[in-house]
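# Architecture at a glance
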Amino acid sequence: MAEEQPHLTVIETDEARIVEFADRKILEEISIAEIGDELSKLVQDHPGIKLLLSFHQVEHLSSAALGMLITLHKEIEGRSGKLKLSEITPQIYEVFKITRLNKLFDIYDTRDEALKSF
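The sections below set out a description of the structure shown in this document. The structure presented is a predicted model; accordingly, all values stated were derived computationally and were not measured.

## Here we look at the pairing of strand 3 (residues 17-21)
Moving residue by residue along a regular strand, the side chains alternate between the two faces of the sheet. Within strand 3, 5 of the 5 residues are buried, which leaves it mostly tucked inside the rest of the structure. Of the two faces of strand 3, the one holding R17, V19 and F21 and the one holding I18 and E20 are both buried throughout. Relative to strand 5 (residues 50-54), strand 3 runs parallel, the two sharing 4 bridges. Looking at the pairing, I18 lines up with L52 of strand 5.

## Here we look at unusual backbone geometry
Unusually for a residue other than glycine, E87 sits at a positive phi of about 60°. Along the chain, E87 turns up in the loop between strand 7 (82-86) and helix 3 (90-98). Take E87: its relative accessible area is 22%, and that puts it in the partly exposed class. Look at R100: it is not a glycine, yet its phi comes out positive at around 65°. Examined against the element boundaries, R100 turns out to sit in the loop between helix 3 and helix 4 (101-104). Residue class for R100 comes out exposed when judged on its relative accessible area of 60%.

The rules behind the values
- Residues numbered from 1 in each chain as written.
- Predicted model: local features only at pLDDT ≥ 70, side-chain atom pairs only at ≥ 80, totals over all residues.
- Heavy atoms only, no water.
- Buried < 20%, exposed > 50% of the residue type's maximum accessible area, 1.4 Å probe, protein only.
- Helix = DSSP H or I, 4+ residues; strand = E, 2+ residues; numbered from the N terminus.
- Pairing = 2+ DSSP bridges.

Take a look at the structure:
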């Protein structure tokens, strides 16, 4: 069952909730704030959530989007949940490496690998 929201598609599986981003470019402050709000509501509605963010459609990510992901990570950990990221393009992964966020987040090449890790 997939639930549509303006910037996200949420797919429920037995292992976790998978979030796919609708936007190829996550750059604008207003969009990032809306995405952050949508993800935060999802986390608040499901304590102990297992959340997989799939970046397979995302080509560009701003530093503000990275900040939103850090906030989300803290929120999920504070509610005893787990967050995994998958399918990040090489150029976006490079930003994660430069900022050392690849050490903070559990990042997987494929969705299947990420789901199995829960």
